[in-house]
Amino acid sequence: MPDSSPSPIPARAPITSLPAAIAAHVRDGDTVAMEGFTHLIPFAAAHEIARQGRRHLTLVRMTPDLIYDQLIGLGCVDEIVFSYGGNPGVGSLHRLRDAVENHWPHRLGVHEHSHAGLANAYAAGAANLPFGVLRGYRGTDLERQTDIVQTVTCPFTGDELAAVRAVRPDVAIVHAQLADRDGNVMLWGITGVQREAVLAARRAIVTVEEVVDVFPERTGAVILPSWVLSAVCEVPGGAWPSYAAGYTTRDNTFYQQWDAISRDRESFLKWAAENGLPAR
Amino acid sequence: MTNWTSAEMMNVAAARELHDGDVCLVGVGPPNLAANLARRTHAPNCRLVYESGAIDAKPRRLPLSIGDDDLAATATTVVSVPEMFNYWVGAGRIDVGFLGAAQIDRFGNINTTVIGPYDEPSVRLPGAGGAPEIASAAKRVIVIVRQSTRTFVEKVEFISSVGFGPTGQEREAYGMTGAGPTLVITDHGVLEPDPSTNELTLTRLHEGVDLATAKAATGWDLKVADQLVTVPPPTFVELDALRRLQRREEFVDA
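Everything quoted here is computed from the prediction, not taken from an experiment.

S.K.: Which residues make up the interface of chain A and chain B, and what are the values?
M.R.: Contacts between chain A and chain B engage 42 residues on the former and 39 residues on the latter. Across the chain A to chain B interface the summed buried area is about 3400 Å²; carbon plus sulfur atoms make up 57%. On the chain A side of the contact with chain B, Arg138, Asp141 and Ile190 of chain A bury the most area, a combined 16% of that side's loss. Counting every contact that joins chain A to chain B gives 2 salt bridges. For the salt bridge of Glu120 of chain B with Arg107 of chain A, the shortest nitrogen-to-oxygen distance reads 3.1 Å. The interface formed by chain A and chain B holds 17 residue pairs in polar contact (both at pLDDT 80 or more) in total. Looking at the side of chain A that touches chain B, the elements with two or more residues in it are α4 (94-102), β6 (109-112) and α5 (115-126) of chain A. Examining the composition of the side of chain A that touches chain B, we find that 4 residues originate from one element, α5 of chain A, more than from any other. In terms of residue class, the side of chain A that touches chain B is made up of 16 nonpolar, 17 polar and 9 charged.

Right under this line is the structure:
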């Protein structure tokens, strides 16, 4: 007999505290995607993950940025899936480099895409497809990473195209400007690959600048309905030193200062201790 | 204005290659400077596209990152990153892609990934980012890079973005839709692919640079065009606009 009982009414995304949301939804060994393309990067959530001592994470992110440089240096990360590992406009991510070049604090597994490849891997995950397809990677040495990139032949034209394995994170975490009291989320400005990351993931946490009764009318906004989210947390300034358009500005000075802070292990560990972020 | 640096000359020479109305994909660093300089001088209707999603951005001052709010706020539209790479870059809607390089070889192949073996690199570089698709599908590609034997190598250690392929003849077999690196602009001069072999050939020297210097800064036996042209120095207008951009002065007429 087929189950004829009605579908359960989707639960509203509970509006909860950030520590509670991380404790409930991020586990040791998880694959975690924290996205935000320069804009709306969920730094506060990453710091909470570090404070709660999560370990053996696989982190997915197009541009690892300072947010993953910090988690890598703190020892939370076993593997990374990415497409551009620099401090934009400044230079290197020194903690990422130290992990790859010198295995400090331990060896880091690397799975490396181009932006187009990783964007399509997320889009495939969001669409519940096993792979994404693009006209890319041909002739590059990135093609050798056959665990994430393969070649497929178009059944219609015979063209050889790249297939990228879908990214299906256990958890996606993004920051946004607004949530309403039902836990729907609105974000705008540079919206990056956040919607794809959230829809590709099994669980999703969103930190927001503000919870409001009614969303404003806003051209170009992305809405994430509450029923695709696991938790929504009000965390004003939760994107610092990145920014939330309309609320905060990017702290370019901190991005520049990070170069010196992160360049050697001692100054990094001092910064971590001063900010209550345990290294392990 | 009689004094300028070699870096200023490089950025000015790159800016001059943008035509008014060109759709230009802009990356961080010198490409960002050159594209915005073109918009401030001879190409006010040059359309700037940033891989963060901003299409037709009209930045009021030089953006420090490709995801600055000013880019989104002044853009004609902002699209998601998958849309940017699939509909706009991959589909060939970009006229000019500006790229940088950590290493470049005689066939214009670019390494921005690692120095040394991939699994145990001596230097881990940022990686490919958006460059492979830009290198493949932009109608033409301009590479901006300072010239030295460390950068200009016989063979790159890792192909992050394809120029003309390992032997210079692979673009067609790879199914690439754009023309590839049509210009490599350095602090010494300009290199262009040979029409038959695609080997990068020095065709222009910046004013005040001698040929021996350019050859000594190249890690292979640099081919030189029969007719070597001298690039005129920056004009007062170009240098003034460039320096105002670097000071991040707001342009109210943008």
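We are not done yet, so read on.
S.K.: Now, about the pattern of salt bridges: what can you tell me, with residues and values included?
M.R.: On inspection of all chains with the given rule, the structure shows 30 salt bridges over all chains. Between Lys270 of chain A and Glu274 of chain A there is a salt bridge, with the nearest N and O atoms lying 3.3 Å from each other. Taken together, the residues span about one helical turn, with Lys270 of chain A and Glu274 of chain A both in helix α8 (residues 265-274) at a distance of 4 residues. Here the two residues Lys270 of chain A and Glu274 of chain A agree in accessibility, since each one is exposed. Residues joined in a network through salt bridges with shared partners are Asp240, Arg244, Arg247 and Glu249 of chain B.

S.K.: Report on the side chain of Glu8 of chain B, specifying residues and quantitative values.
M.R.: All names here are of chain B. Tracing the backbone shows Glu8 in helix α1 (residues 6-16). Using a relative accessible area of 10% as the deciding quantity, one classes Glu8 as buried. Apart from the residues within four sequence positions on either side, Glu8 is in contact with Leu239, Leu242, Arg243 and Gln246.

Reading the values: the criteria
Residues numbered from 1 in each chain as written. Chains lettered and ligands numbered in written order. Predicted model: local features only at pLDDT ≥ 70, side-chain atom pairs only at ≥ 80, totals over all residues. Heavy atoms only, no water. Contact = heavy atoms within 4.5 Å. Buried area = accessible area lost by both parts, 1.4 Å probe. Salt bridge = Lys/Arg side-chain N within 4 Å of Asp/Glu carboxyl O. Polar contact = N/O pair within 3.5 Å; in protein donor to acceptor, adjacent residues only side chain to side chain. Helix = DSSP H or I, 4+ residues; strand = E, 2+ residues; numbered from the N terminus. Nonpolar A, V, L, I, M, F, W, Y, C, P; charged D, E, K, R; others polar. Buried < 20%, exposed > 50% of the residue type's maximum accessible area, 1.4 Å probe, protein only.

Just distances and angles here, no functional claims.
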